[in-house]
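Single-letter residue listing:
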Amino acid sequence: MQLEKEDNFQSFHLFWVDEIDSTNTYLKNHYQNNEDFSVLIARIQTQGRGRYDRVWESDEDLCFSILFKKSAPHFMLAPLAVVLALQSFHIEAFIKWPNDIYLSGKKLAGILIESLYEPQLIASIVGIGINLKDKPTVGGIGVSLDKELLLKAILKQYETLLGYDKKDCLSLYRKYSFVIGKYINYEGTTYFVENINEDGSLRLSSPQEIRNVYSNEIDIKSALL
Ligand code: BTN
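Residues numbered from 1 in each chain as written. Predicted model: local features only at pLDDT ≥ 70, side-chain atom pairs only at ≥ 80, totals over all residues. Heavy atoms only, no water.

Colleague: How would you summarise the overall build of the protein chain if you had to cite specific residues and measurements?
Modeller: In terms of helices and strands, the protein chain carries five helices and 14 strands. The globule rule puts the C-alpha radius of gyration for 225 residues at 17 Å, and the 17 Å found for the protein chain is close to it. The principal-axis extent of the C-alpha atoms belonging to the protein chain is close to 60 × 40 × 30 Å. Out of the 225 residues belonging to the protein chain, those deemed buried represent 52%. (Helix = DSSP H or I, 4+ residues; strand = E, 2+ residues; numbered from the N terminus. Rg over C-alpha atoms; globule rule 2.2 N^0.38 Å. Buried < 20%, exposed > 50% of the residue type's maximum accessible area, 1.4 Å probe, protein only.)

Rendered as structure tokens:
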């Protein structure tokens, strides 16, 4: 497997590979030999991984992972970078909490963030997969954009967002939320999604109570009413 180094793009070090199992797995296994802000882009990814050990069907879609060695609220930055980049192509997408990207009610992109601790944080790998073609078998929607232009638009937005303070990121994350203002069914009760808290949890309300729920406690896709 041969990595082709492209000239740096902004603060990012870009590496393209013709075919790989998973860009996230590669950077997880090789974080020590790669610099902060390294980006690995697969022309073909054969064993893409999703959240909850799901398979991510990637084919020739835009599949890449970024290695960050410092802490940042990537759970907000990554989906925002994608949404804002799509906006520059006049595509209006939303963030389905915690960080799926939805367009016209269908999943357009998925994000897998994996962090390594020793015990302090030593690396976060932010993996992004964007459908460039519709995926009818899994109900996914695609956008027909140039892979490289879209990648660079996302990286540009990411770099800008890294300079924002957390409060501003949270406002944007709320602004593009697909779930705030919707109703969900959780543990047999119907709740209204009031907001997203600073720690990333959802603030839910029912006539009886107000409670917070974390992304590892709920499958939002099946909970949305
Ligand atoms: C999800 O929706 O569950 C997350 C999907 C993340 C897929 C991307 S594609 C690039 C990177 N490499 C992987 O193996 N997964 C992520």
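Colleague: Tell me what's going on with the sheet that holds strand 12 (residues 189-196), and back it up with residues and numbers.
Modeller: Here we have four strands laid out as an open sheet, ordered 11-12-13-14, and antiparallel in their pairing. Single-partner strands in this sheet number two, and they are strand 11 (183-186) and strand 14 (210-213). The sheet shows a mean angle of 45° between the axes of neighbouring strands, taken without regard to direction. (Pairing = 2+ DSSP bridges. Axes fitted to C-alpha atoms, helices over the stretch in contact; angles between N-to-C directions.)

Colleague: Can you explain unusual backbone geometry? Please cite residues and give values.
Modeller: Cis rather than trans, the peptide bond between Trp97 and Pro98 has omega equal to 0°. By the secondary structure assignment, Pro98 is in the loop between strand 7 (94-96) and strand 8 (100-103). Across the junction of Glu118 and Pro119, the peptide omega takes the value 0°, indicating a cis bond. By the secondary structure assignment, Pro119 is in the loop between strand 9 (106-117) and strand 10 (121-130). Phi is positive for His90, which is not a glycine, with a value near 65°. Within the secondary structure, His90 sits in the loop between helix 2 (74-87) and strand 7.

Colleague: Residues and numbers for the sheet that holds strand 6 (residues 62-68), please.
Modeller: Strand order across the open sheet formed by eight strands is 1-2-3-6-10-9-8-7, with mixed pairing between neighbours. Strands at the two margins of the open sheet, each flanked by one partner only, are strand 1 (3-5) and strand 7. Each strand axis lies, on average, 25° off the axis of its neighbour in the sheet, ignoring direction. Note that strand 9 and strand 10 share nine bridges and pair antiparallel. Across the sheet, Leu116 pairs through a bridge with Ala123, a residue of strand 10.

Colleague: Kindly report on the layout of surface pockets, identifying the contributing residues and their values.
Modeller: Approximately 720 Å³ is the volume attributed to the largest pocket. Every residue lining the largest pocket is counted, 39 residues in all, and those nearest its centre are Arg54, Trp56, Asp100, Lys107 and Gly110. Looking at the lining of the largest pocket, the elements with two or more residues in it are helix 1 (23-29), strand 4 (48-49), strand 5 (55-56), strand 6, strand 8, strand 9, strand 10 and helix 5 (220-223). In terms of residue count, strand 9 provides more of the lining of the largest pocket than any other element does, five residues in total. (1 Å grid on protein atoms, 1.4 Å probe; cavity = no way out; pocket = protein on both sides within 12 Å on 5 of 7 lines; lining within 4 Å. Points joined across faces, edges and corners; volume = space filled by probe spheres on them.)

Colleague: Tell me what's going on with the pairing of strand 14, and back it up with residues and numbers.
Modeller: Sheet topology places strand 13 (residues 202-205) next to strand 14; four bridges connect them, and they run antiparallel. Bridging from a neighbouring strand, Leu204 pairs with Arg211 of strand 14. Linking strand 13 to strand 14, which pair antiparallel, is a turn of four residues.

Colleague: Describe helix 2, and please don't skip the residues or the numbers.
Modeller: Because an α-helix packs 3.6 residues into every turn, residues spaced three or four apart end up facing the same way. The end-to-end C-alpha separation of helix 2 is 19 Å, in line with the 20 Å expected for 14 residues at 1.5 Å each. Counted residue by residue, helix 2 has twelve buried out of 14 residues, so it is predominantly covered. Burial in helix 2 covers these residues: His74, Met76, Leu77, Ala78, Pro79, Leu80, Ala81, Val82, Val83, Leu84, Ala85 and Leu86. (Expected span 1.5 Å × (residues − 1).)

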